[in-house]
Amino acid sequence: MMNNDFQTNLKPVLQKIFIVLGKQDREQLEKLVLTLSNLFQHMNFTSHLYFMAENLSEGMPQLEYIQKNIMVFLKENLFARFYVNLIHRAPLETAKDIDYNFNYYYQPWKRSIRAFDIESNEHREAPRLVLLPVVVTDRQTDSKLLAGLFDRFNSSFLLPALYLNTDTFFLTEDENLLMKAHKVYYGHSNSAEAAEIVSTICSQDILEKASPNVASRTVLMNAPCPAALIISAQDGMVYSCMDAFRKKKSLTNIYGEHANTLMTQYDQYHKSNSDCLECRKQMVEWFSSLGLPKGI
């Protein structure tokens, strides 16, 4: 068994990084790429990267540029595996929109990781780079059109996820659509703002992983959340957890700090933060109050 001093000295290993993309210029994007490249060495062997974009036309070119550096890191670190989630809106008014969005955005995105798909097939192992489009819905979303897009995703080995808020819970009535989704996130308000979506995804993942352990009493509800960072690419601010992001309490920024210094600051904050229990209580209250249809 590890002694307390040894456990205290353990450095955090990031399991997730959330990046809220924006209309940053080339210099800002370069700084973001450099920061992420340096943070990769502080991540778990299997980690999730979440990129949140307002729309495909602005978000996809930025993600493709960042993803080139992700692939360089993975080629140099053969034991690493990343799940890249693109959280975005995908307006679908007609079937032609499915063809356009898929052929112009999603298919080239999938083709860009062909080398990793070939590697996976050759070694008969799970792929080390997995792409997950997370579609944020609105009141105008047509479930049949969305199901059609998800069919295209699944046939191309893109793992689609669905983000619903209280205005779009009606989509859960379409069982066919839900069956095509790799995962469904349930927002606890009608907002589709970045802070709301990041909070929902963080808290739902935490609760899903904690639930089996709570029943067996192998986890403390006041224990720190799994190590993660949230980066606002537009202004460069870095946040240590979803609660800090909601309250706009930044840890530092990506412009003046090296990744090692950033992680030292994160470690100090993570060990001193005493709000975890209250934050988790709020999570449980949020999800217990959701007016989800029966059977969900």
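Note that the structure is predicted; figures quoted are calculated from it, not measured. Residues take numbers from 1 onward in each chain, read along the sequence in its written order. Under the rules for a predicted model, residues below a pLDDT of 70 receive no local features and side-chain atom pairs below 80 are neither given nor counted, while totals for whole chains, interfaces and linings still include all residues. To get the side-chain values, all heavy atoms of the structure are used, and hydrogens and water are removed first.

## Thoughts on the side chain of Thr172
And step 1. Secondary structure follows DSSP: runs of H or I at least 4 residues long count as helices, runs of E at least 2 residues long count as strands, and numbering of each begins at the N terminus. Mapped onto the secondary structure, Thr172 falls in the loop between β5 (161–164) and α7 (175–180).
And step 2. Burial classification: accessible surface area is computed with a 1.4 Å probe over protein chains only, and a residue below 20% of its type maximum counts as buried, one above 50% as exposed, and the rest as partly exposed. Residue Thr172 is classed as buried on the basis of its relative accessible area of 6%.
And step 3. Throughout this description, a polar contact denotes any pair of N or O atoms lying within 3.5 Å of each other; where both atoms belong to protein, one of them has to be capable of donating a hydrogen while the other can accept it, and for residues adjacent in sequence the pair is counted only when both atoms sit in side chains. One polar contact links the side chain of Thr172 to the main-chain carbonyl oxygen of Phe169, over a distance of 2.6 Å.

## Side note on the sheet that holds strand β6 (residues 183–186)
And step 1. Here, any two strands with at least 2 DSSP bridges between them count as paired. One open sheet holds the nine strands; their spatial order is β6-β5-β4-β3-β2-β1-β7-β8-β9, and the pairing between them is mixed. Taken across any chain shown, the strands that pair with only one partner, and hence form the sheet edges, are β6 and β9 (252–253).
And step 2. Two elements, strand β1 (residues 14–20) and strand β7 (residues 228–232), share five bridges in a ladder whose sense is parallel. Looking across to β7, one finds that Phe18 is bridged to Ile230.
And step 3. Sitting on the sheet, helix α2 (residues 26–39) touches β1, β2 (43–52) and β7, and the angle it makes with β1 is about 170°.
And step 4. Relative to the sheet, helix α3 (residues 56–76) contacts β2, β3 (81–89) and β4 (129–136), its axis offset from that of β3 by approximately 175°. In this description, contact between two residues means that some pair of their heavy atoms is separated by no more than 4.5 Å. In this analysis, axes come from line fits to C-alpha atoms, helices being fitted only over the stretch in contact, and the angle between any two N-to-C directions falls in the range 0 to 180 degrees.

## Some words on helix α11 (residues 276–288)
And step 1. To estimate the expected span of a helix, count its residues, drop one, and scale the result by 1.5 Å. Compared with the 18 Å implied by 1.5 Å per residue over 13 residues, the 18 Å span of α11 between its first and last C-alpha is a close match.
And step 2. For α11, every residue scored as buried is listed here: Cys276, Cys279, Arg280, Met283 and Trp286. Buried residues of α11, seen end-on, are gathered within an arc of 115° and therefore sit on one face of the element. Of the exposed residues in α11, those oriented more than 90 degrees away from the buried face are Glu278, Glu285 and Ser288. Throughout, the arc means the angular range of directions from the helix axis out to the C-beta atoms.

## Things to note about the pairing of β6
And step 1. Where β5 lies against β6, four bridges are found, and the strand directions are parallel. When the sheet's bridge partners are listed, Ala161 is paired in β6 with Lys183.
And step 2. By the criterion used throughout, a crossover qualifies as right-handed when its path from the first strand across the helix to the second strand runs clockwise, the strands pointing away from the viewer. Of the crossover connections in this fold, the one passing from β5 over α7 to the parallel β6 is right-handed.

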